[in-house]
Amino acid sequence: MSFIVRQVAKRADGGDIIRTRTLVQAELTVGRGTDCDIQLADLAVMLRHARLVQITAGKVSVETTGGVPVEVGGKFVTRADLTVADNPTIDVGPYRLSLSPGENGAVAITAERVVPPIEAADAAHETSIFSLSGAMPTRRRMAWVGALAVLVLLFLVPLFHFIGEDQAALPKDMVAEAARPLTPGQAFGDGKLTVPTARPAAAGGFAPDESWSSGTLSNAHASLSNNCGACHQKAFVSVTDGACQACHTPAALPDHAAPARMAKGLLPESGPLAVAHKGFNLPQGRCTSCHKEHEGEATVMTVAESFCTDCHSGLNGRLPDTAVANVPGWAKHPDFRATLVSSPSLEKPVFTRTALAGAREKSGLIYPHDIHQSATNTVANMAQKQRLPVGADGALPCSYCHKADSDQLRFKPIDMEANCGACHDLAFARDGGTVRTLPHGKPAQVAGIIRDFTLSESFAPRAGVQRLSFDRRLPGKAPPPLSGGNPAARAQAAVVSVFTGKGLCTECHVITDTGAVDLTRRFAIAPVSINDHYLPQGQFPHGKHKSYDSKTGQAACVACHTGVVKSKASTDVNIPGVANCRECHGAPAKTLLSTTAKAGASCDTCHGYHDGVAPAGALPAGHTAPARVAANRHKQTPA
């Protein structure tokens, strides 16, 4: 069932405009409303005046819906059944609907105005009947009333409230949290800097000066939503750094660099923006230059990368003496400069920053990675026999020595007993069922213990006591006898065998024979300083890099530290360069539909800002401090 609707309108020159539509439906609505299928624009027609229903083929029923009759065949009716073949007409107000058979069994309906519209003067009069202009004030008066309402309600009332309220009280829990120093990783984009849960607003309800707010506060400051004076301490004055530091103390968030050098290193402003900032006393480098509020739940912690690159892209032009390289962005980030041990010491090792290419480190330790990473040599065989947690290939995995710390950022310090003792034991004698061992890291005590043991066995040997040899020999072969005919000579030979040749200590340490007569002072072990952070100016959360291109475990480690499996000396620096990082950070994802990078490449992905000024000085041995503290103590020239 369908209808062909033709609506006829008159042009200014008297011609007809015919608009034709085909409606495939069994029922049509007729009226003045815009939602009607046949709209008849005249006040004499109701919004929904009537409906036409196709009963059967060639039969149409008309029925009024508002109680106002229509004229059919010269009679006013509220309902009538019409035969389309008779070409009936329906008059609705000044309009006439003419029905006739259409194509393919459709009903053709022609709607046209048969009573001319009223004159223009009458139309204007008709419009004024329904107008509210007589009962309403003029538009000019309404504009003045609206302007005064805005002035009073949105300016004067909030202003008097702001001036009259007491000094804003800051929430104690928020102040306490803001004053806590940064924890490792908190200042970096490693996933720990997350949007906090919104704090509940303080008691007091709506305050009139909240109408000045340009948007919602971030979750970190949500508890200040009805406490504008906590940050806006003076009317019509922008938020000052002092307002921020009332909670975020300098001890918790230290300066990025010395204030004088910061001011000199900033990129000078120019143009209208510089004029506006100067006019409104908005100097560069203030807290709100980077941390924007009233822009959503996370905005106060979201800092654009341009805030970093604006200064660091041409920093040496404004600070010629800076040791910091220019960084225009991640795509042109210079290769890393590692902080290496240049002079090991038990108390004050010296660290030096140097380029990765050809870098060598002097840790004082003898450790070939390739031997310990092999899956076929004696190291692998020993690890398997002692049921150590080897990898699928039978080799010792990286994780056997490099164990993640509690923050999953770096690794725990290497410990001889825990990481080396399973293979490199310090046993020197078997006394019945007891194995006697030597202390690690105390050469004077080692020499004294070996001397006293040898002398004791020379003068009063005991049954069941066996001296163990410290050099490598074939299985089942007894240790060779000590040289020297008298007990003193044998004791000296025993001590010498520990510190020389293939002795117990020489596998991992550099030994110096001082020639001292006192055996406990004759041999000195070179100090060992194992680096725990090669790139202290950045942050690398190892816990988030446990997989690499579907590789996990040992394969993921070697995928970045490619030189480890072939490294034959501890002087090798097996730290990957920036090119290795770009394989994921800033690189497009390996999918056809994705346009996002596999990993973030913003500055705060690796770098913090409130790290403090780095003073000169060596980093103490065995340092395990967070990256921001370690960076501060390195012997480097501050920016």
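Everything that follows concerns the structure shown earlier in this document.
These numbers were taken from a predicted model, which means no experiment stands behind them.

## Overview of the environment of E71
Position of E71 relative to the elements: it lies in strand β7 (residues 70-72). Given the relative accessible area of 25%, E71 is considered partly exposed. Separated by 20 residues in sequence, E71 and D91 have C-alpha atoms that sit 4.9 Å apart. For E71, the contacting residues outside a window of four places in its chain are F76, T89, I90 and D91.

## Topic: a nonpolar patch on the surface
Residues L148, V150, L151, V152, L153, L154, F155, V157, W212 and F236 make up a contiguous nonpolar surface patch of about 920 Å² in total accessible area. Counting through the fold element by element, L154 comes out in helix α2 (residues 139-164).

## Some remarks on the sheet that holds strand β10 (residues 89-92)
The strands making up a sheet associate through backbone hydrogen bonding, with each pair oriented either parallel or antiparallel. Within the open sheet, the seven strands sit side by side as β2-β1-β12-β11-β10-β7-β8. Their pairing is mixed. The sheet is open, and its two edges are formed by β2 (16-23) and β8 (75-77), each paired on a single side. The sheet shows a mean angle of 25 degrees between the axes of neighbouring strands, taken without regard to direction. Here β10 pairs with strand β11 (residues 95-101) via four bridges, running antiparallel. Bridge pairing in β11 links V92 to Y95.

## Section: unusual backbone geometry
Phi is positive for R387, which is not a glycine, with a value near 55 degrees. Tracing the backbone shows R387 in the loop between α11 (378-385) and α12 (416-420). The phi angle at Q408 is positive, at roughly 60 degrees, despite the residue not being glycine. Along the chain, the position of Q408 falls in the loop between α11 and α12.

## Structural notes on the packing of helix α13 (residues 443-459) against helix α14 (residues 487-499)
The N-to-C vectors of α13 and α14 enclose an angle of 145 degrees; their axes lie 8 Å apart at closest approach. For the pair α13 and α14, the sense of crossing is right-handed. Every residue of α14 that contacts α13 at P443, V446, A447, I450, R451, T454, L455, S458 and F459 is listed here: P487, A488, R490, A491, A494, V495, V498 and F499. Across the contact of α13 with α14, the residue classes tally to 13 nonpolar, two polar and two charged.

## Considering the sheet that holds strand β16 (residues 434-437)
Spatial ordering of the open sheet is given by β16-β15-β17, a layout of three strands whose pairing is antiparallel. Among the strands making up the open sheet, the edge pair consists of β16 and β17 (465-467). Strand-to-strand twist in this sheet, taken as the mean axis angle between neighbours without regard to direction, amounts to 25 degrees.

## What about the pattern of salt bridges?
Counted according to the given criterion, the structure contains 17 salt bridges. Ionic pairing is found between D91 and R96, a salt bridge with its closest N-O pair at 2.8 Å. Residue class for R96 comes out partly exposed when judged on its relative accessible area of 32%. Each member of the salt-bridge network shares a partner with another, and the members are E27, R51 and E63.

## Some remarks on the nonpolar core
Counting 24 residues, the largest nonpolar core has I38, I90 and I109 as the members making the most contacts within it. Every element with two or more residues in this core is listed here: β1 (3-10), β3 (27-31), β6 (59-64), β7, β9 (79-83), β10, β11 and β12 (107-113). M416, V446, I450 and A494 belong to the second-largest nonpolar core, a separate cluster that totals 19 residues.

## Overview of the pairing of β9
Across a regular strand the side chains alternate sides, sitting on one face of the sheet and then on the other. Here β9 shows a buried face lined by A80 and L82 and an unburied face lined by R79, D81 and T83. Of the pairings in the sheet, the one linking β6 to β9 comprises five bridges and is antiparallel in character. Counterpart to K59 in the pairing with β9 is T83.

## A closer look at the pairing of β1
Taken together, the six bridges between β1 and β12 define a ladder with parallel strand orientation. Note on β12: the bridge partner recorded for I4 is A108. Relative to β2, β1 runs antiparallel, the two being bridged by eight bridges. Bridging across to β2, F3 finds its partner in L23. In this antiparallel pair of consecutive strands, β1 and β2, the connection spans five residues, and G14 shows a positive phi of 95 degrees.

Here is what the cut-offs are and how they apply
- Residues numbered from 1 in each chain as written.
- Predicted model: local features only at pLDDT ≥ 70, side-chain atom pairs only at ≥ 80, totals over all residues.
- Heavy atoms only, no water.
- Helix = DSSP H or I, 4+ residues; strand = E, 2+ residues; numbered from the N terminus.
- Buried < 20%, exposed > 50% of the residue type's maximum accessible area, 1.4 Å probe, protein only.
- Contact = heavy atoms within 4.5 Å.
- Patch = residues over 30% accessible without salt bridge, like charges linked within 9 Å, V, L, I, M, F, W, Y side chains within 5 Å.
- Areas by Shrake-Rupley, 256 points an atom, 1.4 Å probe, with all protein chains shown as cover.
- Salt bridge = Lys/Arg side-chain N within 4 Å of Asp/Glu carboxyl O.
- Pairing = 2+ DSSP bridges.
- Axes fitted to C-alpha atoms, helices over the stretch in contact; angles between N-to-C directions.
- Left-handed = near helix turned anticlockwise from the far one by under 90°.
- Nonpolar A, V, L, I, M, F, W, Y, C, P; charged D, E, K, R; others polar.
- Core = buried A, V, L, I, M, F, W, Y, C linked by side-chain atoms within 4.5 Å.

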